[in-house]
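Overview (structure and organization)
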Amino acid sequence: MPPSPIPFSRRLRWDQGRNLLAAELADRQARGLATIDLTSSNPTRVGLDYPEAELAELLRGSAGADYPPHPLGLPAAREALAGFLSRPGDPVAPEDLVLTASTSEAYSFLFKLLGDPGDEVLAAAPAYPLLDELAPLDGLALRHFRLEPGRRFGLDPGEITRALAAAARTRLLVLVHPANPTGTYLSRAEQDAVVGLCAAHRLPWIGDEVFADYPLGAPDGQAGCAGAAAAREETLAFSLGGLSKGTGLPGWKLGWIRAGGPTAERHRAVAALERVADAYLSVATPVQRALGGVLALAPRIRAAILQRLRRNLAALEMALAGEPAIDLIRPEGGWSAVLRVPRLLADEELVLGVLRRQGVLVHPGYFFDFATDGYLVLSLLPEPDVFAEGVRRLAAHLGELMTAGGTAPG
C-alpha cells in the first residue's frame, strides 16, 4: 500500500473540491464559449487608460542594486505617503505609517501583533471572504456579526455589543469602509459608537479603507460619512490602504498600515510592527523609491476608475428599470453592486442558469456570506459596452424566470 499523505496543518481545508460554478466556467472555456464576466475586479484588465509611459519611467528611474533595508519602509516613501493621505483636519505623520507588500500582509502583521493562536477576530457579514483565509492562516478564529438588510446593510452597533458579550477571546474588530460588496459607508455616528465600544472593551480595531476614495453617490451624500479609523484618538486603531485599489495598480504590490489612537499606545504599536516587518522586509525597494511619483499619478487613474464605476452603475439602473421586483441595493461607494432578487431558486442554481443560458457570469450571494438566498453581486468595473450587454441579458433572464414562477427559461 502507498504511504498515507503527509498531513498538512489544520489552518484551512486544503482539499476542497471545485464548486459547481467554477466547474461550469471551466467547461465553457474548454468548449470555446464566450462569457461576459460581470465579476471582473482587476482594473488593469478592463480597458482603462493607464499612464503606461510615465509608470515605466518611474520604475526605470527607481531600479538599481543598492538596497537600504528599512522595516517600516523607506523614510522618503513614508513622507510621500503621509502627504498623500493627509486631509484638512487630519494630518498624517510619517512615523505612524508601516509599508507592506499588500493589504493582506497588513492584516497578517496586525493579526500577529494582536492575537495569540485561538483568539478571535470580529468582522461584519456579508463581506468579501478574504478574512476567512487570512485569520486562520495566522491561527485566529473569525467570528461575524450581521449587517442589517433592513437598513440596506448598515451597521448596528448593538450587533457588535452582543457579539462581544458572547465571546471571551475577541482581540480585534475589523470594519470595511465602505463595506464590500454592499458599498455602505460607516457614518460618523456609527463610528462614534464603535470607538466608544472599543474604548470600553480595550479592543483595537481596523478600518479597511481601500475603497474609501470611490464614492458613487452625490457629493453632499458623503457629508455624514466617517473619516479614517486612525484619525480617532480615543482607542488604538489602524487604517489600511494600498496601491491595488487606491491607485488601481494591484501589480505594484504596496500597501500600508496607519496607526492611530492615544500617542503612547500608537508609538508602542508601531515599534512592535517594526519588529514584525523586520522579519519579512517584503516591500520591493524600486516600488518604494517610485512611490511619490506613483501617488502623483493616482488622481488621474482614480478619476478614470470612478468614471467607469458611475457609468456602469447608471447602465445597471437603466437595465433594471422595467423589473420592479429586482432591488438594486445602491452602493454609496466601492467597486461592486448587490441585487436583491425574489428567492425562486437557490443562488447557485440561479447563477448557473444565467451562465448556461445567457453566457453571463455573476457572483452568488453565498460567496459573500449573505444570510439567505436572493442576492447577486456584480463588479462595476467591466468595459461599458460589455457591462451593458451583460446586465441586459441578466435582467431579461431574471424577468423571464419570475414570469415562469421559478422555472428556468429554456
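Reference entry: report on the structure contained in this document. (Residues numbered from 1 in each chain as written. Predicted model: local features only at pLDDT ≥ 70, side-chain atom pairs only at ≥ 80, totals over all residues. Heavy atoms only, no water.)

**Observations regarding the overall build of the chain**
Along its length, the chain carries 12 helices and 13 strands. Based on the C-alpha atoms only, the size of the chain along its principal axes is roughly 70 × 65 × 55 Å. A total of 410 residues make up the chain; the buried ones form 50% of that total. Contacts spanning at least 24 positions in sequence make up 75% of the contacts within the chain whose residues lie at least 6 apart. Accessible surface for the chain amounts to roughly 18,800 Å². Of this, 53% is attributable to carbon and sulfur atoms. Separation of charge centres in the chain, based on 40 positive and 47 negative side chains, amounts to 2 Å. (Helix = DSSP H or I, 4+ residues; strand = E, 2+ residues; numbered from the N terminus. Buried < 20%, exposed > 50% of the residue type's maximum accessible area, 1.4 Å probe, protein only. Contact = heavy atoms within 4.5 Å. Areas by Shrake-Rupley, 256 points an atom, 1.4 Å probe, with all protein chains shown as cover. Lys, Arg positive; Asp, Glu negative; His and termini not counted. Charge placed at Lys NZ, Arg CZ, Asp CG, Glu CD.)

**Concerning the packing of helix α11 (residues 347-358) against helix α12 (residues 384-403)**
Two numbers describe how α11 lies on α12: the axes approach to 10 Å, and their chain directions differ by 115 degrees. Every pair of crossing elements has a handedness; the one defined by α11 and α12 is right-handed. Contacts from Leu350, Gly353, Val354, Arg357 and Gln358 of α11 reach α12 at Arg393, Leu394, His397, Leu398 and Leu401. Its residues placed into classes, the contact of α11 with α12 shows 5 nonpolar, 3 polar and 2 charged. (Axes fitted to C-alpha atoms, helices over the stretch in contact; angles between N-to-C directions. Left-handed = near helix turned anticlockwise from the far one by under 90°. Nonpolar A, V, L, I, M, F, W, Y, C, P; charged D, E, K, R; others polar.)

**A few points about the environment of Val386**
Looking at where Val386 falls in the secondary structure, it is placed in helix α12. Remark: the alpha-carbon pair of Val386 and Pro88, spanning 298 residues in sequence, is separated by 39 Å.

**What to know about unusual backbone geometry**
Both trends apply: most residues other than glycine have a negative phi, and most peptide bonds are in trans. Residue Pro178 follows His177 across a cis peptide bond; omega there is 0 degrees. Take Pro178: it is sitting in the loop between β5 (170-176) and α7 (188-201). Of note, the bond from Asn180 into Pro181 is cis; its omega dihedral lies within 30 degrees of zero at 20 degrees. Tracing the backbone through its elements, the reader meets Pro181 in the loop between β5 and α7. If you check the backbone angles, Asp369 has positive phi at about 65 degrees while not being a glycine.

**Things to note about the packing of helix α2 (residues 52-62) against helix α10 (residues 285-319)**
Between α2 and α10, the shortest axis-to-axis distance is 8 Å and the interhelical angle comes to 160 degrees. Judged by the inter-axis angle, α2 sits roughly antiparallel to α10. The handedness of the crossing between α2 and α10 comes out as right-handed. Two secondary-structure elements touch here, α2 through Glu54, Leu55, Leu58, Leu59 and Ser62 and α10 through Pro286, Arg289, Ala290, Gly293, Val294, Leu297 and Arg300. Tallied by class, the residues present in the contact of α2 with α10 amount to 7 nonpolar, 2 polar and 3 charged. (Parallel < 35°, antiparallel > 145°, perpendicular 65-115°, else oblique.)

**Some words on the sheet that holds strand β10 (residues 336-340)**
Here we have 4 strands laid out as an open sheet, ordered β9-β10-β13-β12, and antiparallel in their pairing. Looking at the sheet topology across the chains shown, the edges are occupied by β9 (327-329) and β12 (363-364). Against the sheet, α12 contacts β10 and β13 (375-379), and its axis sits at roughly 170 degrees relative to β13. (Pairing = 2+ DSSP bridges.)

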